[in-house]
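Structure assessment
One letter stands for each residue in the lines below.
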Amino acid sequence: MPRDYKAEAKYMKKVFKKIPKLPKDIDKWVRNNPLKDSKYMFCYRIKGIRYGYCTHCGKTSQLDGFKRNKNNNDMVNGKHRHNEWGYCPKCKSKVQFKDAGRGRGKLYDYSKFIIILKKDNGIFLRFFDIVRDYRYGYENVKTEYTEEYRAFFCDGKTTMWKQSFSYDYCPPQGISPRTYLDSWEQMSKISEGKNYSGCMIYKEDRLYDDVFKGTPFEYSMFSEYRKQSNNSYQNYPPVRYLEKTCKYRAIEQLTKIGFTKLINDYVKGWNTPKVNWRGKNPQKVLGLTKAEIQKLAKINPDTEQFNLYKFFSQKVKGLTIDERTKYMEVYSFYNVENIPLQVPPQIKLSKVFRYIDEQVDSGNYDYHPYALGDWTDYIRNCKKLNYNLKDKSIVFPKDLKKMHDRVYKLIEISKNEKADKKIRAMYLKKLKRYEYKEEKYFITVASCAADLIEEGQKMHHCVATYIDRVAENECTILFLRSTAQPDKPLVTCEVRGNKPIQIRAKNNAVPSQDVMDFWERFKKKKLNNKAEKLKSRKAG
């Protein structure tokens with residue numbers, strides 16, 4: 001729908017007709033708050049005596065060369081050098097000492113602030129950029145105010161204007177510059193204004209008594225919303241909150257109850273909570289019972305957690321409030337909304353999540369998302385192997401981790417069935433010649449594809465990817481074991497014919513010296529032995 005610039009100009013003229021005046025103490029407040037560090041003592045000497053001009057109180061003080069005894073603090077204070085901090089002897093303000101004779105080409109301070117004023121039945125915001133410029137002189141420097149934005153919140157409607165500072169500013173076609181009130185123009189979207197989201201608000205602690213009283217914002221939770229940042233307002237922008245509060249009464253209600261993270265996410269536009277903002281009460285807004293609201297308010301969930309709770313509430317039937325709350329927290333970084341697609345139709349979702357609880361409680365897994373991820377992989381592989389998923393003992397095995405690894409191994413074997421046959425045939429004919437044993441260690445060979453897959457899983461390396469190469473006799477994989485624990489992987493070795501290629505411990509680490517000594521004896525006996533080489537040639 002095209003914008004009606006004439007209507008916008010008419011409304012702006014009406015609103016701007018009686019703009020609330022700035023308070024008389026605004027300059028004092030600005031000097032002590034947004035520009036509180038813009039206080040300097042410019043020092044110079046006359047006939048050897050040091051003097052200082054304070055930009056805060058505008059008075060000159062003698063800093064040394066006193067004829068009578070002076071307070072020790074004043075004596076020390078008068079010796080501060082360039083850029084050191086001290087205080088003004090006259091007004092006692094904290095000031096930064098500057099040598100007046102040094103260049104001030106970059107010495108200017110600037111900040112921004114917002115002032116909220118009452119207007120009609122709503123509130124009017126004015127956004128100011130403020131500067132104190134000391135580059136061209138330091139005496140009688142005034143604070144320069146530039147108003148950049150205005151916003152009006154009234155009757156459920158929010159309107160915002162910005163000022164254009166371009167000299168060739170041209171208002172929209174059909175509107176004369178005078179009608180359009182010089183350089184002000186209505187913004188198509190509400191925003192915080194450039195660099196205003198973290199700025200101070202004039203006498204924010206007095207808003208309810210001085211401004212909000214008698215307006216729709218009288219019972220708003222604006223202060224509570226802003227206090228979340230521990231007096232650092234950068235992450236809690238005011239304009240969007242006031243806009244949403246003006247539009248939806250639910251913002252005030254949810255902030256009052258304790259859902260401040262949910263409100264903050266919504267105000268910032270990060271995530272969209274699954275709520276009905278036009279609901280008449282918290283139950284209608286959140287779609288939850290009173291008991292659920294009381295429980296969640298203590299946790300103060302963010303949008304992601306709240307949407308997860310709604311998922312467990314709506315899609316996973318049969319869970320208690322405590323279970324839904326628990327799952328909301330433990331699965332907050334896992335996409336559970338696709339889980340129903342993985343679960344066999346005859347299985348209740350609630351049973352799946354309770355089963356995952358059992359696996360974590362038994363110590364098989366440290367985290368719920370890991371266990372749930374393995375279970376979905378396991379079910380997917382069971383479908384590929386045509387297992388009977390109506391059998392609950394298959395769907396919910398006692399040891400999920402063990403069954404997951406076993407089914408995964410079967411899938412990999414089925415993928416490499418031809419290679420597996422070749423490996424088994426070579427094992428019987430040729431590869432047995434590599435077997436070697438001593439008192440402490442022994443070496444055996446991979447007899448099938450499953451051996452390589454299991455070795456890779458337990459040793460956390462990529463030996464399973466060597467299945468095709470082993471099957472084509474491009475290399476041989478040897479397993480070095482301890483005689484005390486013959487079934488536990490210790491070291492994996494690769495040889496090509498009689499040439500050793502690599503030897504790796506768990507996680508591709510270098511084996512111990514004891515193991516390396518055994519490996520050297522093995523090479524001398526099996527790989528470098530002339531008789532063994534002759535056998536190898538004949539076998540080939």
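Refer to the structure presented above.
We now turn to the structure provided with this report. Predicted, not measured: the structure shown is a model, and the values here were computed from it. (Residues numbered from 1 in each chain as written. Predicted model: local features only at pLDDT ≥ 70, side-chain atom pairs only at ≥ 80, totals over all residues. Heavy atoms only, no water.)

**Details of the pairing of strand S1 (residues 40–46)**
- As paired strands, S1 and strand S5 (residues 94–99) are joined by four bridges and run parallel to one another. The residue of S5 that forms the bridge with Met-41 is Phe-97.
- Two strands pair when backbone bridges link them, and S1 and strand S2 (residues 49–54) are joined in this way by six bridges, in the antiparallel orientation. Residue pairing for S2: Cys-43 is matched across the bridge by Gly-52.
- Hairpin geometry of S1 and S2 is characterised by an intervening segment of two residues between the two adjacent antiparallel strands and by a positive phi of about 55° at Lys-47. (Pairing = 2+ DSSP bridges. Helix = DSSP H or I, 4+ residues; strand = E, 2+ residues; numbered from the N terminus.)

**Here's the deal with the packing of helix H17 (residues 400–415) against helix H19 (residues 449–459)**
- H19 packs onto H17 with a crossing angle of 135° between their chain directions and a minimal axis gap of 10 Å. The angle between the axes of H17 and H19 places the two elements in the oblique class. Between H17 and H19 lies a crossing of right-handed hand. For the pair formed by H17 and H19, the contact residues are Asp-405, Tyr-408, Lys-409, Glu-412 and Ile-413 on the first element and Ala-450, Ile-453, Glu-454 and Gln-457 on the second.
- Partitioning the contact of H17 with H19 into residue classes produces four nonpolar, one polar and four charged. (Axes fitted to C-alpha atoms, helices over the stretch in contact; angles between N-to-C directions. Parallel < 35°, antiparallel > 145°, perpendicular 65-115°, else oblique. Left-handed = near helix turned anticlockwise from the far one by under 90°. Contact = heavy atoms within 4.5 Å. Nonpolar A, V, L, I, M, F, W, Y, C, P; charged D, E, K, R; others polar.)

**Focus: the nonpolar core**
- Ranked by internal contacts, the top residues of the largest apolar core, which has 74 residues, are Ile-116, Leu-125, Leu-286, Phe-312 and Trp-375.
- When near neighbours in sequence (up to four residues on either side) are disregarded, Leu-286 contacts Leu-254, Phe-259, Leu-262, Lys-274, Val-275, Ile-293, Phe-306 and Lys-310.
- Among the nonpolar cores identified, the runner-up in size contains 17 residues, and Tyr-436, Leu-478, Val-491 and Phe-522 belong to it. (Core = buried A, V, L, I, M, F, W, Y, C linked by side-chain atoms within 4.5 Å. Buried < 20%, exposed > 50% of the residue type's maximum accessible area, 1.4 Å probe, protein only.)

**Side note on the sheet that holds S1**
- Pairing is mixed across the open sheet formed by five strands, whose spatial order is S3-S2-S1-S5-S4. Looking along the sheet, the strands with just one partner apiece sit at the ends: strand S3 (60–62) and strand S4 (85–87). Between one strand and the next, the sheet's axes are offset by a mean angle of 40°, whatever the strand orientation.

**What about H19?**
- Listed in full, the buried residues belonging to H19 are Ala-449, Ala-450, Leu-452, Ile-453, Glu-455, Gly-456 and Met-459.
- Close packing links the buried residues of H19 with H17, helix H18 (417–429), helix H20 (467–471), strand S14 (476–482), strand S15 (491–496) and strand S16 (499–504).
- Just downstream of H19 lies His-460, where phi reads positive at about 60°.

**Overview of the sheet that holds S16**
- Taken in spatial order, the five strands of this open sheet run S12-S13-S14-S15-S16, and their pairing is antiparallel. Of all the strands in the sheet, just strand S12 (436–437) and S16 have a single pairing partner and so form its edges.
- Bridge count for S14 against S15 is five bridges, and the pairing is antiparallel. Looking across to S15, one finds that Leu-480 is bridged to Val-491.
- Sitting on the sheet, helix H21 (residues 513–527) touches S12, strand S13 (441–445), S14, S15 and S16, and the angle it makes with S13 is about 55°.

**Remarks on the side chain of Asn-300**
- Among the structural elements, Asn-300 can be located in the loop between helix H10 (290–299) and helix H11 (303–314).
- A polar contact is formed between the side chain of Asn-300 and the side chain of Thr-260, at a distance of 2.8 Å.
- Among the polar contacts listed, one links the side chain of Asn-300 to the backbone nitrogen of Lys-261, at a separation of 3.2 Å.
- Not counting residues up to four positions away in its chain, the partners in contact with Asn-300 are Gly-258, Phe-259, Thr-260 and Lys-261. (Polar contact = N/O pair within 3.5 Å; in protein donor to acceptor, adjacent residues only side chain to side chain.)

**Regarding unusual backbone geometry**
- Notably, Lys-203 is not glycine yet its phi reads approximately 45°, a positive angle.
- Looking at the element boundaries, Lys-203 is found in the loop between strand S11 (200–201) and helix H4 (207–212).
- With relative accessibility at 30%, the residue Lys-203 sits in the partly exposed group.
- Backbone geometry at Asn-507 places phi at a positive 60°, although glycine is not the residue there.
- Along the chain, Asn-507 falls in the loop between S16 and H21.

**Brief notes about the packing of aromatic side chains**
- The final tally for this structure, using the stated rule, is 41 aromatic pairs.
- Ring centres 6.4 Å apart and planes at 25° place the aromatic pair Tyr-11 and Trp-161 in the stacked group. Within this pair, whereas Tyr-11 is found in helix H1 (residues 5–16), its partner Trp-161 is found in strand S9 (residues 157–163), the two being separated by 150 residues in sequence.
- The class of Trp-161 is buried, set by a relative accessible area of 0%.
- For the ring pair Phe-113 and Tyr-145, a centre distance of 6.4 Å and an interplane angle of 85° mean the geometry is edge-to-face. Separated by 32 residues along the polypeptide, Phe-113 in strand S6 (residues 108–119) and Tyr-145 in strand S8 (residues 144–154) bring together distant segments of the chain.
- A residue is classified by how much of its surface remains accessible, and Phe-113, at 0% relative accessible area, is buried.
- Every member of this aromatic cluster is reached through a ring pair, and the members are Tyr-11, Phe-16, Phe-124, Phe-152, Trp-161 and Trp-184.
- It is Lys-94 that lies over the ring of Trp-85; its NZ or CZ is 5.2 Å from the centre.
- It is Lys-157 that lies over the ring of Tyr-11; its NZ or CZ is 4.1 Å from the centre. (Phe/Tyr/Trp six-rings, centres within 6.5 Å; stacked < 30°, edge-to-face > 60°. Lys NZ or Arg CZ within 6 Å of the ring centre and 35° of its normal.)

**Considering H18**
- For H18, spanning 13 residues, the distance from its first C-alpha to its last is 19 Å, which sits close to the expected 18 Å at 1.5 Å a residue.
- Here H18 has its buried residues at Ala-419, Asp-420, Ile-423 and Met-426. Taken around the axis of H18, the buried residues stretch over an arc of 130°, which confines them to a single face. Every exposed residue of H18 that faces more than 90 degrees away from the buried side is listed here: Lys-418, Lys-421, Leu-428 and Lys-429.
- Buried-residue contacts for H18 involve H19 and H20. (Expected span 1.5 Å × (residues − 1). Arc of directions from axis to C-beta.)

**Quick look at the pattern of salt bridges**
- For the coordinates displayed, the defined rule picks out 27 salt bridges.
- Across the pair Glu-337 and Lys-274 runs a salt bridge, and its minimum N-O distance is 3.5 Å. Note that Glu-337 is positioned in the loop between helix H12 (321–330) and helix H13 (339–342) and Lys-274 in the loop between helix H8 (260–268) and helix H9 (282–286), a separation of 63 residues in sequence.
- For Asp-322, the salt bridge identified is with Lys-295, shortest N-O distance 3.0 Å. One end of the pair, Asp-322, is in helix H12; the other, Lys-295, is in helix H10, with 27 residues separating them in the sequence.
- You can call Lys-295 partly exposed: its relative accessible area is 33%. (Salt bridge = Lys/Arg side-chain N within 4 Å of Asp/Glu carboxyl O.)

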